[in-house]
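Structural description and commentary
In case you want the letters, here they are:
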Amino acid sequence: MKKKIVLTIILLALIGLVIYTLSTEIVVGEDYQSKYHSTAMALVPPLIAILLALITKEVYSSLFVGVISGALIYANFDLELAINTMLFGTKKPDGKPAGMIPKLSDGWNAGILVFLVLLGILVALMNKAGGSAAFGRWASKRIKTRVGAQLATVVLGVLIFVDDYFNCLTVGSVMRPVTDRHKVSRAKLAYLIDATAAPICIIAPISSWAAAVTSSVPAEYDINGFQTFLRTIPYNFYAILTIIMMIYITVRKVDYGPMKRHELNAIKGDLFTTGKEEEAEETSNPKGKVMDLVLPVFVLIASCIMGMVYTGGFFEGKSFIDAFANADASQGLVIGAIITVIFTFFYYMYRDVITFGEFMKCIPTGFVAMVAPILILTLAWTLAGMTSLLGADTYVAGLVAGNAAALKALLPAVIFLVALALAFSTGTSWGTFGILIPIVLGVFKGGELMVISISACLAGAVCGDHCSPISDTTIMASAGARSNHVNHVSTQLPYALTVAAVSTVSYVIAGYVKNVLISLPIAIVLMLLTLIVIERVVGREPGESEG
């Protein structure tokens, strides 16, 4: 009955919208701008998508409704203009892609999708050759506990610090058989993957994120972007405290919120709790060896690093650091993945673990495995495009710039919260610190408070990215763990918000103290005390079941 009522309301709303559209004439020119541009309405579409996803537990329709609402608001509720904007819109006058088709045809986005497909193919190959099963058998002899399986996932995630997309998919494909064997829920695996993706990349000097931060510093400020980034690392409280929290809850076997239910169910044998999707049975090739997984992954890491520095001009004479600072991560990852797939083909042929026909069958298998994340990414990118058309970045930047001068010592904490909100609602951390860093530099021309504020901006962007269901990194973590996306978001959110609360207090302290040797230890102590209190309230998990 409730379902029929909801469908009736939606139908009546659509009829009313069509009638309103037919009675309204809107003239669209080159200088067209929505009457809601740079207002609070710009944040409504992503909030609709996020709330619907959390309420309905269904991400595809939620994102689609968010996209449609953004297009309608931009078009002042003119249906024809809204449809055209949603499918073909660009941001004038810079011509940046906003609609679905321009987003998909954008070189960067297309590169990420190709990288996803190539990673899917590589995982299918490793499974077919028996490398994943062999690694699982090898790991089961050395990793004896659920805690060990989770810590191994964390260590691998920390080691793969080059790029967050690469991290999510690689760690997931390698560790999923191990964590499944030790009855770690897919939601927990997704959290561990996500928490070692962006939070690690943002404090790694050699990563695609370091390059993005460096390029966000405007040239007119005459500031060395890379050196400034290095100075922000010890002030990046969210990233550092996330690592501490991840290790603490793993070692102490403490989970709370929705995650606790997932973990208790996993111990009983249910790795999914809800949202289980059919997975293809992995063939255990008796010829498979651990090296059949380790060697392709090693080649993938090496070739992706070389691919990125290649795009940054390393082989044209630039230093390794400068090449990384100017790298195109999308192109570099595609180059690395192609090299790895070709290498894996010849290596497996030489090892005689798969036939040519089996290799070719792995190509569509890998593509199919990535259809869900590709669809979610496409809708998330389009939603971000609608938000950009509505001027959400201009609205938030105006709020910060208008109040920054009066804040001073409190600015780091405020910047952290603003960056968190912007990244959460838009699903992009790179875009967030690209907007806010120039504002911070405009307020502070130098000094320790400038470094703290930039670090707060980076930390807030990562936190918002970590929380948001429309973030590409969050989507990739779900894909890597083969976890239901809404389950991943709902279980991760309490953990991310706990660290965010401690980080906010820490930035207030740092703004007054202006000394990392004092503020960082205080932040760590506050995080540990918070976790101890949580442990005493929720208790520890029961004895683990080894399998």
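Here the structure is shown first, and the text comes after it.
In what follows, the accompanying structure is described. (Residues numbered from 1 in each chain as written. Predicted model: local features only at pLDDT ≥ 70, side-chain atom pairs only at ≥ 80, totals over all residues. Heavy atoms only, no water.)

Attention shifts here to the overall build of the protein. Of the regular secondary structure elements, the protein holds 27 helices and 2 strands. Per-residue burial over the protein gives 56% buried out of 547 residues. Considering only intrachain contacts with a sequence separation of at least 6, the fraction spanning at least 24 residues in the protein is 80%. Entry remark: accessible area of the protein is about 22300 Å², with carbon and sulfur atoms responsible for 68%. (Helix = DSSP H or I, 4+ residues; strand = E, 2+ residues; numbered from the N terminus. Buried < 20%, exposed > 50% of the residue type's maximum accessible area, 1.4 Å probe, protein only. Contact = heavy atoms within 4.5 Å. Areas by Shrake-Rupley, 256 points an atom, 1.4 Å probe, with all protein chains shown as cover.)

This part takes up the nonpolar core. Within the largest apolar cluster, 84 residues are counted, with the highest numbers of intra-cluster contacts made by Leu63, Phe115, Leu116, Leu169, Tyr348, Leu377 and Met476. Sorting elements by how many residues they give to this core places helix α6 (residues 107-129) first, with 14 residues. When residues no more than four places from it in sequence are discounted, the contact partners of Leu116 are Leu169, Met370, Ile374, Leu377 and Met476. Membership of the second largest hydrophobic core comes to 75 residues, among which are Val396, Leu449, Val499 and Leu520. (Core = buried A, V, L, I, M, F, W, Y, C linked by side-chain atoms within 4.5 Å.)

Looking now at the side chain of Ser478. Positionally, Ser478 belongs in helix α25 (residues 472-481). Beyond its immediate chain neighbours, meaning those up to four positions away, Ser478 contacts Ser483, His485 and His488.

On the surface, Arg137, Lys141, Arg142, Lys144 and Arg181 cluster together into a positively charged patch. If one sorts the elements of the positive patch by residue count, helix α7 (residues 131-142) sits on top with 3 residues. In this structure, Arg181 sits in helix α9 (residues 164-181). For Arg181, a relative accessible area of 36% puts it in the partly exposed group. (Patch = residues over 30% accessible without salt bridge, like charges linked within 9 Å, V, L, I, M, F, W, Y side chains within 5 Å. Salt bridge = Lys/Arg side-chain N within 4 Å of Asp/Glu carboxyl O. Lys, Arg positive; Asp, Glu negative; His and termini not counted. Charge placed at Lys NZ, Arg CZ, Asp CG, Glu CD.)

What follows deals with the packing of α6 against helix α20 (residues 371-389). Look at α6 against α20: their axes get within 11 Å of each other, and the N-to-C directions meet at 165°. The orientation of α6 relative to α20 falls into the category roughly antiparallel. Here the hand of the crossing between α6 and α20 comes out right-handed. Across the interface between the two elements, Asn109, Ile112, Leu113, Leu116 and Val117 from α6 touch Ile374, Leu377 and Trp381 from α20. (Axes fitted to C-alpha atoms, helices over the stretch in contact; angles between N-to-C directions. Parallel < 35°, antiparallel > 145°, perpendicular 65-115°, else oblique. Left-handed = near helix turned anticlockwise from the far one by under 90°.)

Considering the arrangement of structural elements, one finds Thr85 in helix α4 (residues 79-88). The buried category is assigned to Thr85, whose relative accessible area is 5%. Within the structure, the side chain of Thr85 is placed 2.7 Å from the backbone oxygen of Leu81, a separation counted as a polar contact. Residues in contact with Thr85, not counting those within four places in the same chain, are Tyr74, Gly99, Met386 and Leu389. (Polar contact = N/O pair within 3.5 Å; in protein donor to acceptor, adjacent residues only side chain to side chain.)

A few words on unusual backbone geometry. The backbone of Asp352 shows a phi angle near 60°, a positive value even though the residue is not glycine. Within the secondary structure, Asp352 is located in the loop between α18 (329-351) and α19 (356-369). Overall, Asp352 belongs to the partly exposed group, its relative accessible area being 47%. Here the phi dihedral of Lys514 falls at roughly 60°; this positive angle occurs in a residue that is not glycine. Tracing the sequence through the fold places Lys514 in the loop between α26 (485-513) and α27 (516-538). A residue is classified by how much of its surface remains accessible, and Lys514, at 38% relative accessible area, is partly exposed.

Turning our eyes to something else, we now look at helix α15 (residues 258-267). Within the span of α15, buried status applies to Met259, His262, Glu263, Asn265, Ala266 and Ile267. Along its buried surface, α15 packs onto α8 (146-159), α10 (186-195) and α26. Looking at the residues trailing α15, positive phi occurs at Gly269, about 115°.

Before going further, it helps to spend a moment on the pattern of salt bridges. For the structure shown, the criterion picks out 7 salt bridges. Residue Asp255 pairs with Lys188 through a salt bridge whose shortest N-O separation is 3.2 Å. Residue Asp255 is found in the loop between α14 (237-251) and α15, and its partner Lys188 is found in helix α10; the two are separated by 67 residues along the sequence. Like Asp255, the residue Lys188 is buried in the burial classification. A salt bridge links Asp292 to Arg351, with the nearest nitrogen and oxygen atoms 2.8 Å apart. Of this pair, Asp292 sits in helix α16 (residues 291-311) while Arg351 sits in helix α18, and the two are 59 residues apart along the sequence. Taking relative accessible area as the criterion, Asp292 reaches 0% and is therefore assigned buried.

On to the environment of Ala49, then. Along the chain, the position of Ala49 falls in helix α2 (residues 44-56). Note: C-alpha distance between Ala49 and Gly66 (17 residues apart in sequence) is 4.6 Å. Ala49 has contacts with Ser62, Leu63, Gly66 and Leu383, leaving out every residue within four places of it along the chain.

This part is about α27. Counted at 1.5 Å a residue, the expected span for α27 with its 23 residues is 33 Å, and the 32 Å between its end C-alpha atoms agrees. Buried residues in α27 make contact with α14 and α26. Capping the start of α27 is the job of one residue whose side-chain oxygen sits 2.9 Å from the backbone nitrogen of Leu517: Asn515. Looking one or two residues beyond α27, the residue adopting positive phi is Gly539, at roughly 80°. (Expected span 1.5 Å × (residues − 1).)

Overall, the coordinates contain 13 aromatic pairs when judged by the stated rule. Both rings, one in Phe345 and one in Phe356, keep their centres 6.1 Å apart while their planes meet at 80°; by these two values the pair is edge-to-face. A residue pair is termed long-range when its members are at least 10 positions apart, and Phe345 in helix α18 and Phe356 in helix α19 qualify at 11 residues. Taking the relative accessible area as the measure of exposure, Phe345 reaches 19% and is therefore buried. Measuring from ring centre to ring centre gives 5.5 Å for Phe416 and Tyr507, while their planes differ by 35°; the resulting arrangement is tilted. Taken as a pair, Phe416 in helix α22 (residues 411-426) and Tyr507 in helix α26 lie far apart in primary sequence, 91 residues in all. (Phe/Tyr/Trp six-rings, centres within 6.5 Å; stacked < 30°, edge-to-face > 60°.)

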